[in-house]
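Chain by chain, the residues:
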Amino acid sequence: MVAMSNRVTLLLCALAVAGVTASTALAEEARFQSRQLTPAGEYTFGIEGPAVDQQGNLYVANFGKPGTIGKVAAGASQSELFAILPEGSVANAIRFDRDGRMFVADYKKHNIFLVGPDGKDIATYFHSDDFNQPNDMTIASDGTIYASDPHWKQHDGQIWRIRKSAAGEVVGEKMTADRQMSTTNGIDLSPDGKTLYVGESDTREIWSYRIDGTRLLAPRLFKRFDDFDIDGLRTDVEGNLLVARILKGTVAVLSPQGKLKREVQLSARQPTNLAFGGADGKTVFVTQRQGGFVESFRTDHPGREACLRGCPVGK
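Here we summarise the structure given alongside this text.

What counts and what doesn't
- Residues numbered from 1 in each chain as written.
- Predicted model: local features only at pLDDT ≥ 70, side-chain atom pairs only at ≥ 80, totals over all residues.
- Heavy atoms only, no water.
- Helix = DSSP H or I, 4+ residues; strand = E, 2+ residues; numbered from the N terminus.
- Areas by Shrake-Rupley, 256 points an atom, 1.4 Å probe, with all protein chains shown as cover.
- Buried < 20%, exposed > 50% of the residue type's maximum accessible area, 1.4 Å probe, protein only.
- Contact = heavy atoms within 4.5 Å.
- Pairing = 2+ DSSP bridges.
- Axes fitted to C-alpha atoms, helices over the stretch in contact; angles between N-to-C directions.
- Salt bridge = Lys/Arg side-chain N within 4 Å of Asp/Glu carboxyl O.
- Core = buried A, V, L, I, M, F, W, Y, C linked by side-chain atoms within 4.5 Å.
- Phe/Tyr/Trp six-rings, centres within 6.5 Å; stacked < 30°, edge-to-face > 60°.
- Lys NZ or Arg CZ within 6 Å of the ring centre and 35° of its normal.
- Polar contact = N/O pair within 3.5 Å; in protein donor to acceptor, adjacent residues only side chain to side chain.

## Thoughts on the overall build of the chain
Then, number 1: Along the backbone of the chain there are one helix and 25 strands.
Then, number 2: When the accessible surface of the chain is split by element, carbon and sulfur atoms take 51% of a total near 14000 Å².

## A short note on the side chain of N135
Then, number 1: One can find N135 in the loop between β9 (122-127) and β10 (137-139).
Then, number 2: We classify N135 as buried; its relative accessible area is 6%.
Then, number 3: Not counting the four nearest positions on each side in its chain, N135 is found in contact with N92, A93, S148, P150, W152 and N185.

## Some points on the sheet that holds strand β8 (residues 111-115)
Then, number 1: Reading across the sheet, the four strands line up as β6-β7-β8-β9 and stay open at both edges, with antiparallel pairing between neighbours. Only two strands of the sheet have a single neighbouring strand rather than two, namely β6 (91-96) and β9. Mean inter-strand twist for the sheet, computed between neighbouring axes without regard to direction, equals 25°.

## Description of the pattern of salt bridges
Then, number 1: Inspection of the entire model under this criterion finds 15 salt bridges.
Then, number 2: Each of R95, D136, D188, R234, R304 and E305 takes part in one network of salt bridges that share partners.

## What about the nonpolar core?
Then, number 1: Counting 14 residues, the largest nonpolar core has Y59, I69, F82, I94, M102 and V104 as its most contacted members.
Then, number 2: Sorting elements by how many residues they give to this core places β6 first, with three residues.
Then, number 3: Leaving out residues up to four positions away in the same chain, I69 has contacts with Y59, V60, N62, F63, E80, L81, F82, A83, L85, I94 and V104.

## Some thoughts on the sheet that holds strand β21 (residues 250-254)
Then, number 1: With antiparallel pairing, the four strands of this open sheet are ordered in space as β19-β20-β21-β22. Whereas interior strands pair on both sides, the edge strands pair on one side only; in this sheet they are β19 (233-235) and β22 (260-265). Between one strand and the next, the sheet's axes are offset by a mean angle of 20°, whatever the strand orientation.
Then, number 2: With five bridges joining them, β21 and β22 adopt antiparallel strand pairing. Across the sheet, the residue bridging to A252 is E263, located in β22.

## Concerning the packing of aromatic side chains
Then, number 1: Scanning the model with the defined rule gives nine aromatic pairs in all.
Then, number 2: Their ring planes at 55° and their centres at 5.6 Å tell us that Y59 and F96 sit as a pair that is tilted. Within this pair, whereas Y59 is found in strand β3 (residues 58-63), its partner F96 is found in strand β6, the two being separated by 37 residues in sequence. Judged on exposure class, the residue Y59 and its partner F96 are both buried.
Then, number 3: Between F126 and F131, the aromatic rings sit 5.8 Å apart at their centres with planes inclined by 85°, giving edge-to-face as the arrangement. The exposure classification of F126 matches that of F131, with both residues buried.
Then, number 4: The residue whose ring lies beneath K223 is F225, and the NZ or CZ to ring-centre distance is 5.5 Å.
Then, number 5: R262 extends its terminal NZ or CZ atom over the ring of F32, reaching a point 3.9 Å from the ring centre.

## A look at the environment of K174
Then, number 1: Inspection of the secondary structure puts K174 in strand β13 (residues 170-174).
Then, number 2: Each C-alpha atom, one on K174 and one on R161, is 6.4 Å from the other, the two residues being 13 residues apart in sequence.
Then, number 3: Excluding its chain neighbours within four sequence positions, the residues that come into contact with K174 are D130, Q158, I159, W160 and T214.

## Observations concerning the environment of T44
Then, number 1: Along the chain, T44 turns up in strand β2 (residues 43-52).
Then, number 2: Discounting residues that sit within four places of it in the chain, T44 has contacts with N62, G64, K65, P66 and G292.
Then, number 3: In terms of polar contacts, T44 uses its side chain to reach the backbone amide nitrogen of G46, at 3.0 Å.

## Focus on the pairing of strand β25 (residues 293-298)
Then, number 1: Burial within β25 is extensive, with five of its six residues counted as buried.
Then, number 2: Taken together, the two bridges between strand β1 (residues 35-36) and β25 define a ladder with antiparallel strand orientation. Paired with Q36 across the bridge in β25 is E295.
Then, number 3: As paired elements, strand β24 (residues 283-288) and β25 share six bridges and run antiparallel to each other. For V286, the partnering residue across the bridge sits in β25 and is E295.

Printed below as a string of structure tokens:
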């Protein structure tokens, strides 16, 4: 009886180990498998943003109509209205700094807004008539904002640096580079904050620059795609770059050296931008212009921004 009992115990242990192994394998397989998160039609053709706050809530531009911001509560699969921007303003980018403050790029009225936690307190953080139309943003660990500013009709663009001076005044400056930029679009920083990546829509190129104050030095062609357009991009903590390939319906994952590691197939063909979130920072949320919804997939490293406020467990 004792021998039989031991055999049964060993068998149960083996089955348990096999179950854990199978579960782990399934979890691994689930990575990079995208699925639709929110219902189709919640957002307009101008769906953009997106960004995740400290509590895991997702915010997306243009919920129901232009000039709004929608909110998908952590764990939810349906959006609700979070904020209505001032008359005539339309958001194209949302980012959070390390203190959890929400910044919104208003491409219509040339503003960067600071939006309060309740969505009702909306203040102008920076405005300039010299903006073409602020498109996307990224925020450094010290709170400095870098904003892409394309001129679509002229097929060129520029980058702005927006920060607080020693006197506490918000100052915006156009950055200089050693090359003429095309239509600047997606933008993000390397994990150490020293390199700025800028996507150019017309040429389907991503360029990297070394940041030196308001100067963008050592321009390097990081990646050029042979077909389809590129839109938003984000970096993870390992320096990989995730790029929305609009019209192809994928998110390209590039190594820190610019090599294509994989392409994540999406539910629809027109992804505009993406953001990292989830409890461990490894969930990627993608805004889909085709259908007006958000989809998501799991990845293997948390996003750079998720670690601005302290890297989630399980890096």
